[in-house]
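So the chains spell out like this:
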4 protein chains.
Amino acid sequence: MHELAQAPQLGIGLIGSGFMGRAHALAFRNVGGVFPLDRQPRLELLADHPEERAVAAAASLGFRRATGDWTALVRDPAVDVVAIATPNRLHAPMALAAIAAGRHVYCEKPLATTLDDAIAMTRAATAAGVVTMVGFNYLKNPLIATAREIVRSGEIGTVTGFRGIHAEGFMADPEAPFSWRCEPEEAGGALADIGSHILSLARYLLGEVESVCGRLDTIHAERPLPGGGRRAVSVDDQASMMVRFREHPFTASLSTSWLGSGRDMQLAFELTGTRGALCFTQERFNELRLYRAGAEAGRGGFTTVNAGPAHADYAAFCPAPGHQLGFNDLKTIEVRRLLDAVAGRAPSDMDFAGALAIARAIEAIRLSSAQERWVALDEIPDA
Amino acid sequence: MHELAQAPQLGIGLIGSGFMGRAHALAFRNVGGVFPLDRQPRLELLADHPEERAVAAAASLGFRRATGDWTALVRDPAVDVVAIATPNRLHAPMALAAIAAGRHVYCEKPLATTLDDAIAMTRAATAAGVVTMVGFNYLKNPLIATAREIVRSGEIGTVTGFRGIHAEGFMADPEAPFSWRCEPEEAGGALADIGSHILSLARYLLGEVESVCGRLDTIHAERPLPGGGRRAVSVDDQASMMVRFREHPFTASLSTSWLGSGRDMQLAFELTGTRGALCFTQERFNELRLYRAGAEAGRGGFTTVNAGPAHADYAAFCPAPGHQLGFNDLKTIEVRRLLDAVAGRAPSDMDFAGALAIARAIEAIRLSSAQERWVALDEIPDA
Amino acid sequence: MHELAQAPQLGIGLIGSGFMGRAHALAFRNVGGVFPLDRQPRLELLADHPEERAVAAAASLGFRRATGDWTALVRDPAVDVVAIATPNRLHAPMALAAIAAGRHVYCEKPLATTLDDAIAMTRAATAAGVVTMVGFNYLKNPLIATAREIVRSGEIGTVTGFRGIHAEGFMADPEAPFSWRCEPEEAGGALADIGSHILSLARYLLGEVESVCGRLDTIHAERPLPGGGRRAVSVDDQASMMVRFREHPFTASLSTSWLGSGRDMQLAFELTGTRGALCFTQERFNELRLYRAGAEAGRGGFTTVNAGPAHADYAAFCPAPGHQLGFNDLKTIEVRRLLDAVAGRAPSDMDFAGALAIARAIEAIRLSSAQERWVALDEIPDA
Amino acid sequence: MHELAQAPQLGIGLIGSGFMGRAHALAFRNVGGVFPLDRQPRLELLADHPEERAVAAAASLGFRRATGDWTALVRDPAVDVVAIATPNRLHAPMALAAIAAGRHVYCEKPLATTLDDAIAMTRAATAAGVVTMVGFNYLKNPLIATAREIVRSGEIGTVTGFRGIHAEGFMADPEAPFSWRCEPEEAGGALADIGSHILSLARYLLGEVESVCGRLDTIHAERPLPGGGRRAVSVDDQASMMVRFREHPFTASLSTSWLGSGRDMQLAFELTGTRGALCFTQERFNELRLYRAGAEAGRGGFTTVNAGPAHADYAAFCPAPGHQLGFNDLKTIEVRRLLDAVAGRAPSDMDFAGALAIARAIEAIRLSSAQERWVALDEIPDA
């Protein structure tokens, strides 16, 4: 009989216990069993408002302590990493306070609700030298890592085109109620809310955006308020955009919509190269469709590749191919990357600067739509 | 034993016997067995150059006579309908001559290689009162007719968005040789050659275009000549465009490419409505994916509808669902529509005026790309 | 101007003008434009009952003469080939009369309604030396020819398994009326009516059947009569069977059902080899899914191959891949094979002997089900 | 600041730390964050051989203690539940010892390597009144629960047919080495190893098996030994079977193979009813294809339903549809059911008696194959 020594630990403080807060908590619980870690996350403190809510969530998610006061959390000496999963307008003050207290920060997307805030947060993090990670979790899919590998290795030749979309249908009904997602002050609108995912994916595969030309549509000009009455909507229901990248000679065609009736998670792209192509949709995110030129006549076509241990990170979850990862597993991979960055093993692959790049592209698209012209990213302030 | 009286006939003169010429001939042979007709097409005369080629084609396709001189064909008194399946720059002179001779004209797409020609052809046809049909055959798919019916009936609510593409991969290889498709004088380039299909499909479903903002890319600046050496390419390899329609409040996102590695026929769209959605790709053109809101919880999603006798024109080919139409069957439906228009049963559903609308949209997209701005269709000359 | 000489002709006599009769007629009309032929089929004479029906069909399909008396047709000196598309119990007398008159015979499946008849027909055809073809048209798909090529060439190693089905849903409703398909005297029942297709496909790919073990189910014991009342059903609604082949060491698993709710044409198989696999369904019959072992780690999977000119017969319809063949095109290929056999270019690839092999397998499966044991094909009488 | 009281706990002892042992451990770690539990699992003790291996696994998976002696584990007073994830022949002695010590038992499939053992284990568990659960985790998929609900509610009418398969390709290569899976003493062979999954799924949906007729094939008669040389194989590479159920009038067609080249996880079925149908494959286990009769003409077909919070257990992982569960999440659901059974909230839905039913069906299929006849389940000994 062997008693295990306690592993070195890292104190986690989580602010917010809704959909994303729970996803963070599950990932922190799970990550140590999946991946080898230098320090095991300890679910130290959960903050939410009011305190009873925090206590209930802490109990169900396995945190040691709970508080109704997030400012106490960021200052708590037992907290090493602050995870922020709160309404968007709170990201900036919370992250800035956490950084000021010297904490590493894991923040849900979007980084902030204004570009100024995003810039300030990025500068603060850089100045403080803390690790940051922003929750664009779809990038953590092993098959997306594989896609990037294929693009970068030249396996399908030179990249010649990209077409992408993120559409969901949760606002398709004109009577879907006005919510925080409809508030410009909350970084509302389809472009910021979900379009940011396809922008981050395009950037992950293709590098930095150079210029954009876009158009935002507000199709449903008003929506019912939950308590009765109606309220005018100023944010976009959908957006189309043409995007050019610094390192590529082509124009990508992107779009996003939350009026996508019938769609739960159509985050999808098609990428072409001179000697092959890739197709992907998050709707079947354990599959990557790969075309490679050069098959003998009558034998070529797109191959459906199933996720398996040959693809980054998959093997840690399961040694056999085709068993599939789920949404929460992507979050576990994200936390692993965060913890590796904290341990100094590898830089964060989606830090505040990365999220700021997405925010700047969104700002450029909005400006382009308003002024009906192409906008260079250089026109948009940076950190 | 009953001898059948000969049916009234309509003399067909076909110019050109390549891919599309053969497709026309097959459709004229076949249509009388599939659909009830007032007059049976008689394969009267085939013109090609040189005459031996015409003779060989006439023999294999079943024409009565052959000629090396297309001007004789358009004047031949036994020819009632002139079908034009020749290189693009010949469409205008041939169609104008046929119209001048009072013939009905069935012309392959594109209508012409210049907007001026397209306008002149449309005016001439209108003035002469002849029937015209242009070969945008993908519109003839029974499931596309069904899609239009669904859109127009309000079956999926109000239309809120459209995303479309036509991509093929035949020029993906930078070493694919320079051909007539690379000649601006032949209406070359991906936008005119194949992008016209997705534009015609969008127009068929959504009505006339109001304004466009687009960008054309020439990715491979030169290509090898078949005889050796290389030649600069000035036409587009691909194009992205945002398109607005007169009757709709949204911006459609379209693209086209002939660099679409792995794609043989990706003519595809996704259309969303407030209470449903449609997805379609010509890659599986006997299927239409239909979403309708309102299913009970946990039972909704996209339904894959197989083409069957409930869909326009299908039943004439086969009384049982799921047996499938082929490419040549679409051409047969097109010829049926032509013959119905000649018989005065229904107007042509894709006459020269319709094809001119597509040509004007293409011109507007090119202007938009050159000037990096939105262009209203009203800026482009019309017939 | 060149007048074409009339091509040598072959007189076609068609008996029956329903679904299959029309399909035959369309194929005979079309085949000469698609394929090079020694003699062009001439739609000489159509027989149906009553004569008015024959006359109307002859007019719409383009036959020269019509008759209400099929015995006159088989004796008519201008008829070289007799095509039989009549109720199943008439196949035997018509084919035997046509053979007796020295005609080549193109007969719809099933060959006959009794094994004795099938044997007699096969013997008569052999003795007379006429060409025969039976309408198992799904075998004519270019991708099925490709599948056979892949199997025979060893491209996917040694074949190790086969699983197949033919299911349709037209009798799924217990209130679907009693029809000729429910009559044992008409070779009714799912196994004979549609199961014969998957048996013919398995035989085409794997060779002759050695032994079978099957079970037939009659799920709906009675069905409404069209005129009112109900009638007991004795034929099978579905069947399961294990099948062994002479040339292979494995047991195939086949099934068939006309209770296949939601299925229009699920004629499908999966075939495995030691170094690859094939998947196919007639529901997407322009696609063949091909797996080949040996891809580098993380890049393998099933490739979706689109039908194209690299696959047998496709190029005659269209020079470009991905344009797709339709159901009637398969019938055109079948007629081409018939005419090639008449011309002495190649033996019929599905003659009466081939159809008899299917009939014997069905007989063996019925016997197996009745006696609950494995049955060797050798137990069943042969021609 | 609120300190959470420690939740009541349940001590978990895990034997084995390979693929399945890790999966168990992850599920026990995760379940408390996902589902509300009466007692939180405490990873108390891990046993493996040799002890160093146990210590390393315990460290990486977060167990408190480790041992090289599983007999100490089953007797350890801090262990309430024994999880067994060891080679198959060890399941019986370990489970019997755990039951003898009064522990609840969570055992990987198969229950045992002989029917006698399986019967003894079932009897012992019943006599001791402990909770048991066997790891047929694919049954825990929320969409499989939905499928059962659809079947039982009559939502698609009366069930008329079932066709299923479990195929994987890991032994497709004749040179794949001899392993424990090839040992009859380890319950080797495709039927027991993976065919048990499709049998358990069929039973879950359709109830108890009445009789079977099957055939086992050993295609590759010998395989290389890892250390050199070759060894004869006596177990089956694949099996076909016809299966009848007590409560249904039809014959199901099932098959299984580990020679399924290109397949990672083809656990799939098609189920038909008089008014609808279901299709499912574990290859896309977050989708269920549902057909329901009664759509208006031209609008019907199979609907692809994405897993979402309307389906059992899904909502605990994620409140939004289409985000998808992964393989390990199914194991988490399984552990939740185990813990609920331990808490007396609901009986185990796959206890030893359930696993014994699968083992008896397998025995019957083997007997059927050996004797080439139908075998009634009543012929096989039961607990």
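Quantities reported herein were computed from a predicted structural model and do not represent experimental measurements.

1. Examining the overall build of chain A
Phase 1: Regarding its fold elements, chain A presents 10 helices and 18 strands.
Phase 2: For a compact globule of 383 residues, the expected C-alpha radius of gyration is about 21 Å, and chain A comes in at 21 Å, within 12% of that figure.
Phase 3: Referenced to the eigenvectors of the C-alpha coordinate spread, the extents of chain A come out at roughly 65 × 60 × 40 Å.
Phase 4: Looking at chain A as a whole, 66% of its 383 residues qualify as buried.
Phase 5: Put simply, 68% of the contacts in chain A that link residues at least 6 apart link residues at least 24 apart.
Phase 6: On chain A, roughly 12300 Å² of surface is accessible, and the fraction owed to carbon and sulfur atoms is 50%.
Phase 7: Between the averaged position of the 37 positive side-chain charges in chain A and that of its 44 negative side-chain charges there is a distance of 3 Å.

2. A few points about the relation of the copies chain A and chain D
Phase 1: You can overlay chain A on chain D at an RMSD of 0.0 Å; the transform is a turn of 180 degrees with a shift of 0.0 Å along its axis. Each copy turns onto its partner about a two-fold axis. For chain A, the smallest separation between a C-alpha atom and the rotation axis is recorded for A:Gly326, amounting to 1.8 Å.
Phase 2: When the interface residues of chain A are mapped onto chain D, 100% of them are again interface residues, pointing to one common binding face.

3. A word on the interface of chain B and chain C
Phase 1: Listed per partner, the contact involves 52 residues of chain B and 52 residues of chain C.
Phase 2: Summed over both sides, the interface of chain B with chain C buries roughly 4200 Å², with 47% coming from carbon and sulfur.
Phase 3: The salt bridge partner of B:Arg284 is C:Glu287, with a shortest N-O separation of 2.7 Å.
Phase 4: Linking chain B to chain C there are 23 residue pairs in polar contact (both at pLDDT 80 or more).

4. Let's talk about the sheet that holds strand E4 (residues 65-67) of chain B
Phase 1: One open sheet holds the 7 strands; their spatial order is E7(B)-E6(B)-E5(B)-E2(B)-E3(B)-E4(B)-E1(C), and the pairing between them is mixed. One side of each edge strand has no neighbouring strand; the edge strands of this open sheet are strand E7 (132-134) of chain B together with strand E1 (2-3) of chain C.
Phase 2: Bridge count for strand E6 (residues 104-107) of chain B against E7(B) is 3 bridges, and the pairing is parallel. For B:Cys107, the partnering residue across the bridge sits in E7(B) and is B:Val134.

5. Details of the domain arrangement of chain A
All names here are of chain A.
Phase 1: Domain boundaries in chain A define domain 1 (9-138) and domain 2 (142-284 + 286-321).
Phase 2: Here the C-alpha centroids of domain 1 and domain 2 sit 27 Å apart.
Phase 3: Taken together, the two surfaces of domain 1 and domain 2 that pack against each other cover about 1200 Å², and 60% of this comes from carbon and sulfur.
Phase 4: In this assembly, domain 1 and domain 2 are joined by 2 salt bridges.

6. Notes on the pairing of strand E3 (residues 40-47) of chain A
Residue and element names in this part refer to chain A.
Phase 1: Here E3 lies mainly inside the structure; 8 of its 8 residues are buried.
Phase 2: The sheet contact formed by strand E2 (residues 9-15) and E3 spans 7 bridges and is parallel. Bridge pairing in E3 places Gly13 opposite Leu45.
Phase 3: Handedness of the E2-helix H1 (residues 19-34)-E3 crossover: right-handed.
Phase 4: Across 3 bridges, the pairing between E3 and strand E4 (residues 65-67) is parallel. Bridging from a neighbouring strand, Ala47 pairs with Thr67 of E4.

7. Points about the pattern of salt bridges
All names here are of chain A.
Phase 1: For the structure on display, the rule yields 128 salt bridges over all chains.
Phase 2: Between Asp38 and Arg345 there is a salt bridge, and its shortest N-O distance comes to 2.5 Å. One end of the pair, Asp38, is in the loop between H1 and E3; the other, Arg345, is in the loop between helix H9 (327-342) and helix H10 (352-371), and 307 residues separate them in sequence.
Phase 3: Since its relative accessible area comes to 56%, Arg345 is described here as exposed.
Phase 4: Across the pair Arg42 and Glu44 runs a salt bridge, and its minimum N-O distance is 2.6 Å.
Phase 5: A residue is classified by how much of its surface remains accessible, and Arg42, at 15% relative accessible area, is buried.
Phase 6: For Glu44, a relative accessible area of 7% gives the class buried.

Cut-offs applied
- Residues numbered from 1 in each chain as written.
- Chains lettered and ligands numbered in written order.
- Predicted model: local features only at pLDDT ≥ 70, side-chain atom pairs only at ≥ 80, totals over all residues.
- Heavy atoms only, no water.
- Helix = DSSP H or I, 4+ residues; strand = E, 2+ residues; numbered from the N terminus.
- Rg over C-alpha atoms; globule rule 2.2 N^0.38 Å.
- Buried < 20%, exposed > 50% of the residue type's maximum accessible area, 1.4 Å probe, protein only.
- Contact = heavy atoms within 4.5 Å.
- Areas by Shrake-Rupley, 256 points an atom, 1.4 Å probe, with all protein chains shown as cover.
- Lys, Arg positive; Asp, Glu negative; His and termini not counted.
- Charge placed at Lys NZ, Arg CZ, Asp CG, Glu CD.
- Least-squares fit on C-alpha atoms with pLDDT ≥ 70 in both.
- Buried area = accessible area lost by both parts, 1.4 Å probe.
- Salt bridge = Lys/Arg side-chain N within 4 Å of Asp/Glu carboxyl O.
- Polar contact = N/O pair within 3.5 Å; in protein donor to acceptor, adjacent residues only side chain to side chain.
- Pairing = 2+ DSSP bridges.
- Domains from an automatic or database assignment.
- Right-handed = clockwise from strand over helix to strand, strands pointing away.

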